[in-house]
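Breakdown of the fold
The residues making up each chain are set out below.
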Amino acid sequence: MHRKNNSQSVNSVSKCDNCLRVVRHGIIGSLETGFYHLGHFVGTYPVLTIVLSFIICAIASVGMVNFKETDVTEKLWVPSYSRIQEEKKWMTENFPPDTRFANIIAVENNILSPRSLSAMMDLYEKAISFHENGYSYQHMCLRVGYSCKINSILEVWSYNKSLIAQLTYNDIMRDINTVKYSPLYHNKLDVTTMLGKIKYDRAGQIMAAEAASMLFLLNDEEEMRPAALKWELEVIQLVQKGHAHLQETYVYATRSFDDEGYGAVNDDINLLSVGICIVLIFVIVTLGRFNLVEHKLLLSLAGLLSVGMSIGFAYGLATTFGVIYGPVHAIMPFLLLGIGVDDMFVIVEAWKNLTPEEQKLSLPEQVAMTMKHAGVSVTVTSVTDIVAFAIGASTVIPGLSAFCVDAALGILALFVLQSTFFVACLTLDQKRIAHQRDAILCCLAYKNFHPNKCSQKNFLALAFEKHIGPFLMKFPVKIIVVLVTVSLLGVNVYGFYHLKQDFDLVMYIPSNSYAHKFAKAQEQFFPNRGVDVNVYCGDIHYGSSQKILNNMLQRISSDPGVENGTVISWFPAFTAWLRSKGDPKLAKYNYYPYDEHEFDTLALEFVEKSQVGRAFKRFIKFDKTIYPPVLKGMYFSLRHTSQPNSQAEIDAMEGLREITDNSGLPAGMCFPYCPQYLTYETNKVLQVELYRNLALAGACVFFVTLVLIANIWTSIIVFTCVIFTLVDVAGTMYFWGVTIDTASSILLTLCVGLAVDYSAHIGHTFMTVSGSKNERPVMALKEIGPAVFNGGFSTFLAFVLLANSNSYGFALFFRVFFTVVVFGLFHGLVYLPVVLSWLGPEPYHTSSVHKSPTYQEKSEVASNGYVEDTKLLDHKNQGRRCTRGKEFSVNQGKQTFRISLGQGCFYSNQNGCQAVMVYI
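Residues numbered from 1 in each chain as written. Predicted model: local features only at pLDDT ≥ 70, side-chain atom pairs only at ≥ 80, totals over all residues. Heavy atoms only, no water.

**Notes on helix H26 (residues 712-735)**
Spelled out, the test is: Each helix is a run of DSSP H or I of at least 4 residues and each strand a run of E of at least 2, with the numbering of both proceeding from the N terminus. Working rule for helices: expected span equals 1.5 Å times residues minus one. By the criterion applied in these results, polar contacts are pairs of N or O atoms within 3.5 Å in which, for protein atoms, one can donate a hydrogen and the other can accept it, and in which residues neighboring in sequence qualify only through two side-chain atoms.
For H26, with 24 residues, the first-to-last C-alpha span of 35 Å sits near the 34 Å given by 1.5 Å per residue. For H26, the N-terminal capping position is held by asparagine 711, with its side-chain oxygen 3.1 Å away from the main-chain nitrogen of tryptophan 713.

**Here's the deal with the pairing of strand S8 (residues 206-219)**
Where we set the bar: Relative accessible area decides the class of each residue, using a 1.4 Å probe on protein chains only: under 20% of the type maximum gives buried, over 50% gives exposed, and in between gives partly exposed. Paired strands, as defined in this entry, are two strands with at least two bridges between them according to DSSP.
Across the 14 residues of S8, 11 count as buried, placing the element largely inside the fold. Bridge analysis of strand S1 (residues 99-107) against S8 gives nine bridges, and the strand direction is antiparallel. Paired with alanine 106 across the two strands is alanine 212, which belongs to S8. Where strand S6 (residues 150-152) lies against S8, three bridges are found, and the strand directions are antiparallel. Counted as the bridge partner of serine 152 is methionine 214 from S8. Pairing analysis gives five bridges linking strand S7 (residues 195-200) to S8, with the strands arranged antiparallel.

**Side note on helix H5 (residues 114-127)**
Owing to its 3.6 residues per turn, the α-helix aligns residues three or four sequence positions apart on the same side. Spanning 14 residues, H5 covers 20 Å between terminal C-alpha atoms, matching the ideal 20 Å at 1.5 Å per step. Those residues of H5 that fall on the buried side of the exposure criterion are Ser116, Leu117, Ala119, Met120, Met121, Leu123, Tyr124 and Ala127.

**Let's talk about the state of the cysteines**
Two cysteines form a disulfide when their sulfur atoms are joined by a covalent bond. Counted only if it meets this: For the purposes of this analysis, a disulfide is any pair of cysteine sulfur atoms at a distance within 2.5 Å.
As enumerated under the stated definition, the model contains two disulfides in all. Residue pairing for cysteine 141: its cysteine sulfur links by disulfide to cysteine 148, the two sulfurs lying 1.9 Å apart. Residues cysteine 141 and cysteine 148 share a disulfide whose torsion about the S-S bond is about -60 degrees; that sign makes it left-handed. Judged by relative accessible area, which is 14%, cysteine 148 ranks as buried. Between cysteine 537 and cysteine 670 runs a disulfide, and the two sulfur atoms are separated by 2.0 Å. Where cysteine 537 bonds to cysteine 670 through sulfur, the torsion about that S-S bond is close to 115 degrees, and the disulfide is right-handed. Residue cysteine 537 is located in strand S10 (residues 529-537), and its partner cysteine 670 is located in strand S13 (residues 670-673); the two are separated by 133 residues in the primary sequence. In this structure cysteine 537 comes out as buried when scored by relative accessible area, which is 0%. What makes cysteine 670 buried here is its relative accessible area of 2%. Along the chain, the cysteines that take part in disulfide bonds pair up as 1-2, 3-4, counted in sequence order.

**Description of unusual backbone geometry**
Cis geometry marks the peptide bond from tyrosine 627 to proline 628; its omega dihedral reads -5 degrees. Topologically, proline 628 is positioned in the loop between strand S11 (620-623) and strand S12 (630-641). Even without glycine at this site, lysine 197 takes up a positive phi of about 55 degrees. Relative to the assigned elements, lysine 197 resides in strand S7.

**Overview of the pattern of salt bridges**
This is how the line gets drawn: What makes a salt bridge here is a side-chain nitrogen of Lys or Arg within 4 Å of a carboxyl oxygen of Asp or Glu, nothing more.
Following the criterion strictly, the structure yields 28 salt bridges and no others. Between arginine 555 and glutamate 658 there is a salt bridge, and its shortest N-O distance comes to 3.2 Å. Taken as a pair, arginine 555 in helix H19 (residues 546-557) and glutamate 658 in helix H24 (residues 646-661) lie far apart in primary sequence, 103 residues in all. For arginine 555, a relative accessible area of 37% corresponds to the partly exposed category. Connected via shared salt-bridge partners are Arg83, Glu87, Glu654, Arg657, Asp661, Glu681 and Lys684.

**Let's talk about the packing of helix H12 (residues 332-352) against helix H28 (residues 775-799)**
Packed helix pairs are specified by the crossing angle of their axes together with the interaxial distance, meaning the distance between the axes. Using the following cut-off: Lines fitted to the C-alpha atoms define the axes, with helices restricted to the stretch that makes contact. Angles between their N-to-C directions range from 0 to 180 degrees. Each angle is binned into one of four classes, with values under 35 degrees roughly parallel, values over 145 roughly antiparallel, values of 65 to 115 roughly perpendicular, and all other values oblique. By convention the crossing between two helices is left-handed if the near helix lies anticlockwise of the far one by an angle smaller than a right angle, and right-handed if it lies clockwise. Contact between two residues is taken to exist if any of their heavy atoms lie within 4.5 Å; hydrogens are not considered. Each residue is assigned to one class: nonpolar for Ala, Val, Leu, Ile, Met, Phe, Trp, Tyr, Cys and Pro, charged for Asp, Glu, Lys and Arg, and polar for all the others, Gly among them.
With their axes 8 Å apart at the nearest point, H12 and H28 run at an angle of 155 degrees to one another. The pairing of H12 with H28 is recorded here as roughly antiparallel in orientation. By crossing handedness, the relation of H12 to H28 is classed as right-handed. In contact with Phe334, Leu337, Gly338, Val341, Asp342, Phe345, Val346 and Glu349 of H12, H28 contributes Glu783, Ile784, Pro786, Ala787, Val788, Asn790, Gly791, Ser794, Thr795, Ala798 and Phe799. The residue makeup of the contact of H12 with H28, split by class, is 11 nonpolar, five polar and three charged.

**Let's talk about the packing of H12 against helix H15 (residues 398-434)**
One can describe the packing of H12 onto H15 by two numbers: an axis separation of 9 Å at closest approach and a directional angle of 35 degrees. Judged by the sense of rotation from one axis to the other, the crossing of H12 with H15 is right-handed. Contacts between H12 and H15 involve Met332, Leu335, Leu336, Ile339, Gly340, Asp343, Met344, Ile347, Val348 and Trp351 on the former and, on the latter, Phe403, Asp406, Ala407, Gly410, Ile411, Leu414, Gln418, Phe422, Val423, Leu426 and Gln430. Among the residues forming the contact of H12 with H15, the class breakdown is 15 nonpolar, four polar and two charged.

**Topic: the side chain of aspartate 342**
Among the secondary structure elements, aspartate 342 is positioned in helix H12. A polar contact is formed between the side chain of aspartate 342 and the side chain of histidine 761, at a distance of 3.0 Å. With near-sequence residues (within four places) excluded, aspartate 342 lies in contact with Asp757, His761, Ala787, Val788 and Gly791.

Here is the structure:
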């Protein structure tokens, strides 16, 4: 029975190998032939190729005329099916956001001392003394009734300077502990929401506090916005100066995030620009040779130009088809730069690795052979990158989906441009070198130019061939490499498992800014303060829904996710006003009108004619286009309790929604909303979408790698490199204090594409070289290792200046790209060769010439002179394996063949010229 099962297993493996062999000969052969012909065309018509590349990219870039950046949160980060999309739309139409703010925190040993209150009053007076271009603070402030809306402990004394100056400590304690309603705004007043680190006596009375907040609210109207911005700036400067009678003062205003967050971003973008210059210098140094003729300044610039052209192609085409552009797209040029430089190195390295026989061919033939060797390797990485981002485009998060679409288009354009435009520039550069013209001053030619010996050495290739490769092939070193790989994987699996989803906007504010200091002070002194939320209700029968609305209010007030005493509703004040009227018609209905018209009429009278009602005017919306006016919507406000993490914030939001959804009102007529809910909606799906995208991208990358490398065992080994790199990057993020949020999710998705590049090149090259198990990894490192290392190192150089960035976002870019380069290069250049030396399969059995003869199974020497195997056929060399590029004499009858393994050229023998080719 066991023998039968084993036999079936062997047969299955054999069938799988046969299928892959068919795929291998079909795909690899077709790709090599296709790239050979492409290279021959480009090498023959380089100028035409360059002109066509410019024309096609220019046509695609025409779509940029309609280019517009989207910064609307719900269009970028909120799933289109989310209920909050319609809720925000209704809120914006009926109660559009119309306020700006400035928040001050004052800190003292006891902020409730007479001296501290006088100091706060001094800050208050200076803040409201603003005048600019005909606007004063009183013109711009948000009014409740006749008073500007300012939330502060000074509200207890109605901001009366003379009264506050006369207060004693006992007076302050008496008023603080007895006040229940605001004398200015006629709503419930809870002083504990304005004080931080409160101290109570044994009777539960407030006796001291260390901090107090003061919140100024302004109308956000277009015509007065410049003046409002100037006022905010003056308040910020005022508070930053501090006060002699206060230990510390902190401030945050509406403009603060733009000033501090985006200001740091702009500074770091300048650093990235410097980083690009560093990459350019590195490419110039490593791409060419150190002499006047063979260095490649202009070719390096052409390679970077192809990156720019691919960006224009992608953005133009995406804009044409309505794909949105968001802030995260700013990192795409650096992504394409890393991938483009990698492809440049692979192509140039293939050119350098042409055999002496191939270097004697005509220039178009040399270009054709270069693309034949490099094309498949570039295709493997480019197609896997495109597929990885195409999978990411299926996410429900619009901003991430749009970025993936643009990235996929950009990589596709870059792949085509590097295979055509850059190769055409390489061809022209080689023509220049052949005529011994200067690398910069092309009109200047040197006679009898002889390059210095040092410039002719490829030091990195020699290092891989003579030192790094042989060192890795030593058995003790192999064991150490495997142990290090497993140890890194184990530690980072732990980190990956504990990587939590959390989003804190404060992280994206520079740590040395006043805004960040305010956020930390708020966490220290007001740790329980959550976000402010409004509960909106639409066109319902308010009169007959009194009981339902009151029950909903009661449930919300007692909800554990709502801070005690923060629910502000106009209903109680309206009911009290109705009772105060003493209308006998209302008395029989318990002073509450159930008739809708009567209710709407009295509500309008309440907010327009009563002093108390004016404080709630902004809470109610009337349709005055009809008579009598109809109440079309209203809202009441509350504050969530502070939540420890993103999941708790989501739970608080869903708890409030559960109350409004099950209140008994028609579905969707009442709902809670605040701007932070947009982030919560993203966080609801972010972690699931991240793992889904990573899993799908990984599966597709493996499939594409399997098809293009066409060997299941090599593909599996390469895929382990991708998985190990991804796990190591994610695990290191945990130890670096990074959490899963929008930015880190995008960067982790990028890692899939980048990680493939470092290992797929080695895996594919390993399959194209012959020799022993220990020789082939060394040969692969020699041929493609320098290109892989230079590509990874250039990506690192682009971001290295961000290592000490004060911007969390750019510091995160550095951490992710640094780790993906380090782990990617380690797994591609160290771990992968070691594993291939043990488990690597036999090399391809395909021709390396552009005209492949018919493959004859188990043939010896056919009459046309082709040799099938790498085993030499004469008795002296019977059974000996040969390495690619070496020449051997083969005696077959009366003929002696000169065979160069892996090459297809004409060689002389005693019967004249005959084509000889060896399968490897």
